[in-house]
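Per-entry structural report
One letter stands for each residue in the lines below.
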Amino acid sequence: MSESSQFLTTNNPAAEWWRTSVIYQIYPRSFADADGDGLGDLKGITSRLDSLASLGIDAIWFSPFFKSPQKDAGYDISDYRLIDPIFGTNEDFEILLEKAKSLGIRIIVDIVPNHTSDQHAWFQAAINSAPGSSERAYYHFKDGKGVNGELPPNNWQSIFGGPAWSRITEADGSPGQWYLHLFDSSQPDLNWENPAVADEFDEILRFWLRKGVDGFRVDVAHGMVKRAGLPDATIYDENLRERPISNLTMQEAEEAVPYWGQPGVHEAIRRFRRVIDEFEDRAMCAEASMSPLPRLAMWVRPDEYHQSFNFDYMHGEYDPAAIKKIVTDSIVEYTKVGASSTWVMSNHDGIRHATRLGIAPENTPRPGDGIHPTDPAPDEALGLRRARAATSFMLGLPGSSYLYQGEELGLPEAWQLEGKYRQDPTYARTKGERIGRDGCRVPLPWEAGVGAANGFNTTGESWLPQPANYRVFSRNLQEGVAGSTLELYKRLLKERKLFGLGAGAFRWADEYQDKNTLAYINNGVLVLMNFGPDAIALPAGEVLVTTQHDLTAERELEHDQVVWIKL
Ligand code: GLC
């Protein structure tokens, strides 16, 4: 038997829910707006939950809706136990949770332990206390270098651009210590070497677990613990972002980028895990931008996270050999540590895949950079066709899949947004050089022509304006329409569940594959993807679902199309 026709997973009907779920990410600012102020809210979400149930998802992950000055769209939290009034109240959340449970939908909330808002009471207490105080010990406060402490303590750079340190003015008006912020200056990094910080988070987790949430997505899960002494970074691309480390050994990477993937982070994770395990059937997913895969797999060992996002899959090339390798490596590496793989194509930090896949690889911006309105226009028809194919390929894989709101409509990136609307701190911190992530965060179109925001609310207000081309993607224009992206997603999710593909027995199907196609079999379902250029003959068997709306037994599968066939 050739290596690639062996089963890489075996059928596991008793799999825990997170191993097989389809988890839909809601970006609360942009999902649905009940009060019409232009910013989404919890009541809006509750009113639209039925449509998610009809889509067929298993769980929702909410990007943060906690009290926040909204300097980084809610990833700057000033109170971890309170819903921000712009989204509603804690009671609104309880109502939402109850309705979701009644529909059989689990709820995952986003926890941000790497940093708080500078408006958090802990940070306010820190800047109002003396250097060396226990209040300052919640964060990374350091004296500056230089004769008068006028230089930052080390060379680290913010992920959003510019230095990762800002200097405060002490209570007596003198220039003071510096504090670390790997992201915006409004997001000071917590000091996880301080046991008091870990104690606080134990209680924050318990607070939401007692309310009945099913789990957490953990933000910047690879960055919480910094290397002792905060030494200079030695790998240095302009922004010291994470990608270049993938070619190094583990130890080299830990030394080169002293704030990502440090060994100490695993102790913090194990502590989270112990809290989670006090409750039944709960799970955590790590946002750990770590490469290569064997290193990332360390985050999901049995006493750490339950799963982690597979960013190598998301950022991978649209190419059969590349996809085959990343899928195989993912299953193999995660299986070694007893975890299941996750799959994802889009989220609130990247270019929507319906647009991304329409950009030539050499023009593809780096993750988080966004498309500049002056960049060459993406081929949106090709992008959408490939996105539908890529998702149809992904949803047949074993493991769990993450979907980002709006992708079920085939929504493109709003890359033409003018600078005056841009709110991502990356835009301001790089003076517009990196355009940032707003283009994937524009409110959803629900009903074509209902206000300027197509039913996002009835007032037409919208914190980021929808581009003109969003109207045709409105949900009501796709509902019940054969061949629409929405109906494709519904069908995929239905068949996926019916055939138990999340926990399925998976192998590559060499017998159906050549250099321009990929094929696998999962629980008796053949998933075949044609990357083109030529159309290919359709194998025998019942077509369960296909991206090629008019596919019949006499027809051939065209380029950038997928079919699921029951063998
Ligand atoms: C994560 C979030 C991103 C946020 C950053 C800082 O990467 O996904 O949206 O800006 O962390 O919290």
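Below: a short report on this structure. (Residues numbered from 1 in each chain as written. Predicted model: local features only at pLDDT ≥ 70, side-chain atom pairs only at ≥ 80, totals over all residues. Heavy atoms only, no water.)

**Some words on the sheet that holds strand S8 (residues 165–169)**
Definition in use: Any two strands with at least two DSSP bridges between them are considered paired. Helix and strand definitions here come from DSSP, where helices need a minimum of 4 consecutive H or I residues and strands a minimum of 2 consecutive E residues; each element is numbered from the N-terminal end.
Spatially, S7-S9-S8 is the arrangement adopted by the 3 strands of the open sheet, whose pairing is antiparallel. The open sheet terminates on both sides in strands that have one partner only, identified here as strand S7 (141–142) and S8. The pairing of S7 with strand S9 (residues 175–180) spans 2 bridges and is classified as antiparallel. Each bridged residue has a counterpart across the sheet, and for lysine 142 the counterpart in S9 is tryptophan 178.

**Notes on the pattern of salt bridges**
Here is the rule we go by: Salt bridges are identified by distance alone: a Lys or Arg side-chain nitrogen within 4 Å of an Asp or Glu carboxyl oxygen. Each residue's exposure class comes from its accessible area (1.4 Å probe, protein chains only) as a fraction of the maximum for that residue type: buried when under 20%, exposed when over 50%, partly exposed otherwise.
Counted by the stated rule, this structure contains 43 salt bridges. Of the charged contacts in the structure, one is a salt bridge between lysine 43 and aspartate 92, with a shortest N-O distance of 4.0 Å. Pair noted here: lysine 43 is in helix H2 (residues 42–47) and aspartate 92 is in helix H4 (residues 90–102), with a separation of 49 residues, a long-range link. One salt bridge in this structure joins aspartate 110 and arginine 217, with 3.0 Å as the shortest N-O distance. With a gap of 107 residues between them, aspartate 110 in strand S6 (residues 106–111) and arginine 217 in strand S10 (residues 215–218) connect regions that are remote in the sequence. Under the relative-accessibility criterion, aspartate 110 is labelled buried at 0%. Exposure remark for arginine 217: the relative accessible area of 2% places this residue in the buried category. Overlapping salt bridges, with partners in common, bring together Glu267, Arg270, Arg274, Arg301, Asp303 and Glu304 in one network.

**Details of the site of the ligand**
In plain terms, the rule: Any residue with a heavy atom lying within 4 Å of a molecule or strand is counted as near it. Within 3.5 Å is the distance limit for a polar contact, defined as a pair of N or O atoms, with the added protein rule that one can donate a hydrogen and the other accept it, and that residues adjacent in sequence qualify only through two side-chain atoms. Computed by Shrake-Rupley with a 1.4 Å probe, the accessible areas treat only the displayed protein chains as cover when residues are assessed. When residue character is reported, Ala, Val, Leu, Ile, Met, Phe, Trp, Tyr, Cys and Pro are called nonpolar, Asp, Glu, Lys and Arg charged, and the others, Gly included, polar.
Residues in close proximity to the ligand total 14 residues, the closest being Asp72, Asp219, Glu287, His348 and Asp349. Measuring from an oxygen atom of the ligand, one finds a side-chain N or O atom of aspartate 349 at 2.5 Å. One of the side-chain nitrogen or oxygen atoms of arginine 437 is found 2.9 Å away from an oxygen atom of the ligand. Burial of the ligand by the protein chains amounts to 95% of its free accessible area of 300 Å². Considered class by class, the residues forming the shell around the ligand number 4 nonpolar, 3 polar and 7 charged.

As far as function goes, none of this settles anything; it's purely spatial.
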